[in-house]
Amino acid sequence: MTETGFLGAALRSRSLVLGAVLTAVFVLAAVVSFAWVPHDITSMNVPDRMKGPGGAHLLGTDHFGRDILSMIMVGARTSIAVAVVAVGIGMGFGVPLGLAAAARKGSLLDEVIMRGNDLVFAFPSILIAIMITAVFGASALNAIIAIGIFNIPVFARLTRGAALSLWTRDYVMAARVAGKGATRISFEHILPNVTNLLIVQGTIQFSLGILAEAALSYVGLGAQPPLPSWGRMLADSQTMISIAPHMAIFPGLAILLTVLGLNLMGDGLRDLFDPKIRRVGR
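Residue numbers here run from 1 along each chain, matching the order of that chain's written sequence. Note on the predicted model: pLDDT of at least 70 is required for a residue's local features to be given, and 80 or more for side-chain atom pairs to be given and counted; whole-chain, interface and lining totals, by contrast, use all residues. Water and hydrogen atoms play no part in the side-chain values, which are based on all heavy atoms of the structure.

1. Focus on the confidence of the model for the protein
We count it as follows: Each residue gets a pLDDT score, which is the predictor's confidence in that residue and runs from 0 to 100. Should any heavy atoms of two residues lie within 4.5 Å, those residues are counted as being in contact.
Chain-level statistics for the protein give a pLDDT mean of 87 and a share of 94% at 70 or above. Here residues 277–282 is a poorly scored stretch, pLDDT under 50, and it has 17 contacts once near neighbours within four places are set aside; other chains count.

2. As for the nonpolar core
As a rule of thumb, soluble globular proteins bury nonpolar side chains together. Test applied: We call a set of buried Ala, Val, Leu, Ile, Met, Phe, Trp, Tyr and Cys residues a nonpolar core when their side-chain atoms join them within 4.5 Å. Only protein chains enter the accessibility calculation, which uses a 1.4 Å probe; a residue is then buried when its area is under 20% of its type maximum, exposed when over 50%, and partly exposed in between. Helix and strand labels come from DSSP, where a helix needs a run of H or I of at least four residues and a strand needs a run of E of at least two; each type is numbered from the N terminus.
Core analysis: the largest hydrophobic core is formed by 45 residues, its most contacted members being Ile72, Trp167, Ile190, Phe206, Ile210 and Trp230. Elements with a contribution of two residues or more to this core: α1 (3–12), α2 (14–32), α3 (68–103), α6 (140–166), α7 (170–177), α8 (182–218), α9 (230–237) and α10 (246–273). Sorting elements by how many residues they give to this core places α3 first, with 11 residues. Sequence-distant contacts of Trp167, defined by excluding residues within four places in its chain, comprise Ala102, Ala103, Val172, Met173, Arg176, Ala182, Ile185, Ser186 and Ile190.

3. Notes on α2
Selection rule: To estimate how far a helix should reach, multiply one less than its number of residues by 1.5 Å.
Taking 1.5 Å per residue as the helical rise, α2 with its 19 residues ought to reach 27 Å, and the 27 Å between its terminal C-alpha atoms agrees with that figure. Along α2, the residues classified as buried are Ser15, Leu16, Gly19, Leu22, Thr23, Phe26, Ala29 and Ala30.

4. Quick look at the packing of aromatic side chains
Threshold: A pair of Phe, Tyr and Trp rings is counted when the ring centres sit within 6.5 Å of each other, with Trp represented by its six-membered ring. The angle between the planes then sorts it: under 30 degrees is stacked, over 60 is edge-to-face, the rest tilted.
For the structure shown, the criterion picks out two aromatic pairs. Between the aromatic rings of Phe26 and Trp230, the centroid separation amounts to 5.9 Å while the plane-to-plane angle is 75°, which identifies the pairing as edge-to-face. Residue Phe26 is located in helix α2, and its partner Trp230 is located in helix α9; the two are separated by 204 residues in the primary sequence. Both residues of the pair, Phe26 and Trp230, count as buried. For the ring pair Phe121 and Phe150, a centre distance of 5.9 Å and an interplane angle of 90° mean the geometry is edge-to-face.

Below you can see the structure in the form of structure tokens.
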């Protein structure tokens, strides 16, 4: 597919366009928050506590009188940063492990890598976070480590599964005949052909990373005050939802729309990269 054809197909994909727009809104909010927010999130304004949406506070205020819109904007960069680094950890370790396992299928290395993946999958990220927190304390960094560790076997399995089918291709056989080693073939010939799958899976894991960060922050294992987090905002609002529902609604919508946008974008990218299931005008 030519570059023009690819762009045209991307613009015709409703899932991809809608997902990209939703994702861009929150990424833009996170970027803008570094330079400007409507109100200072570090200052409390008790007379304006739990104020409803409208006026000077577009989305209302929380139980400390802080502007919820400003909190969501700053919380966006916390959630996005945690998810990006966690997915980066998963890709950085998982992809080479998957390539190595596929290159040496049936060997001891393959068995060790895959059984190690099974071991990590046996422990959900929340349990890994609890164990890490018990040793090092609750923080955004420990949330990143916990989510990142859980992402490693996801990318390792995906890479291995995709790479195994490529090792029987003619161009790989030609590379082996030319004297190239398994490592060189993996990075020069296998990796470029599984990149599309990794991009799609990356968007999905990105959305799951945001959900995981929100869940960890909700139970007090993620970002710690005064650093805002969408999960922490939900936790703070749970006892006041009957008198100030906006405190829970808006952070919840932020999580919902961001995850929805990433999932739609991943679905659109999958259709775009796979000609067998591409649906024109979706």
